[in-house]
Amino acid sequence: LGDSDKAINLLKRALESRRKIYGDSHPEVAFTLNNLCAIYAELDQSMLAIPLIEKSLEITEARFGKDNLQVAATL
C-alpha cells in the first residue's frame, strides 16, 4: 500500500523465520523469496531481485522437478 520499506522489512523477517522453521530449501522459503523479489523488481532494484528469484527457482526445481507448475510460475 505504498510503504515498500515496511513490506521489505516484514518479508525479510518472514524469510528469516521460515528458514529457521523449515530450513533453506522449503517451498515456503521460495514463496517468500518470490514476494521479496517482486518488491525489489517494482522498485527497479534488479541487482537485489535477481539473486532472490534465482534462489527461489533453484529451491522450486529441486523440490518439484523442472516440469512442475510451481516452477513455471516462478519463471
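As the structure is a prediction and not an experimental result, all values here were calculated from the model.

Colleague: I'd like to hear about the pattern of salt bridges, residue by residue, with values.
Modeller: By the definition in use, this model includes four salt bridges. Glu28 serves as the salt-bridge partner of Arg18, at 3.7 Å between the closest nitrogen and oxygen. Pair noted here: Arg18 is in helix H1 (residues 4–22) and Glu28 is in helix H2 (residues 27–42), with a separation of ten residues, a long-range link. In this structure Arg18 comes out as partly exposed when scored by relative accessible area, which is 25%. The class of Glu28 is partly exposed, set by a relative accessible area of 29%.

Colleague: Go over the confidence of the model for the protein chain, please, and point to the residues and values.
Modeller: Residues at a pLDDT of 70 or more form 99% of the protein chain, whose mean pLDDT is 93. Mean pLDDT values over the elements of the protein chain span from 86, in helix H4 (residues 69–74), up to 96, in H1.

Colleague: Break down the packing of H1 against H2 for me, citing the residues and quoting the values.
Modeller: Each pair of packed helices can be described by the angle between their axes along with the distance between the axes. Here H1 crosses H2 at 165°, and the two axes come no closer than 9 Å. Here H1 lies roughly antiparallel to H2, going by the angle between them. As H1 runs across H2, the sense of the crossing is left-handed. From H1, Ser4, Ala7, Ile8, Leu11, Lys12, Ala14, Leu15, Arg18, Arg19 and Tyr22 reach across to H2, where they touch Glu28, Val29, Phe31, Thr32, Leu33, Asn35, Leu36, Ile39 and Tyr40. Taken together, the residues of the contact of H1 with H2 break down into twelve nonpolar, three polar and four charged.

Colleague: Go over helix H3 (residues 46–64) with me, naming the residues and quoting the values.
Modeller: Over its 19 residues, H3 runs 26 Å from end to end, which matches the ideal 27 Å to within 8%, given 1.5 Å per residue. Looking at H3, one finds that the buried residues are Ala49, Leu52, Ser56, Leu57, Ile59 and Thr60. One side of H3 holds all its buried residues, which, seen down the axis, span an arc of 165°. Along H3, the residues that are exposed and aim more than 90 degrees away from the buried face are Met47 and Ala62. Of the surrounding secondary structure, the elements contacted by the buried residues of H3 are H2 and H4.

Rules and cut-offs
Residues numbered from 1 in each chain as written. Predicted model: local features only at pLDDT ≥ 70, side-chain atom pairs only at ≥ 80, totals over all residues. Heavy atoms only, no water. Salt bridge = Lys/Arg side-chain N within 4 Å of Asp/Glu carboxyl O. Helix = DSSP H or I, 4+ residues; strand = E, 2+ residues; numbered from the N terminus. Buried < 20%, exposed > 50% of the residue type's maximum accessible area, 1.4 Å probe, protein only. pLDDT = per-residue confidence, 0-100. Axes fitted to C-alpha atoms, helices over the stretch in contact; angles between N-to-C directions. Parallel < 35°, antiparallel > 145°, perpendicular 65-115°, else oblique. Left-handed = near helix turned anticlockwise from the far one by under 90°. Contact = heavy atoms within 4.5 Å. Nonpolar A, V, L, I, M, F, W, Y, C, P; charged D, E, K, R; others polar. Expected span 1.5 Å × (residues − 1). Arc of directions from axis to C-beta.

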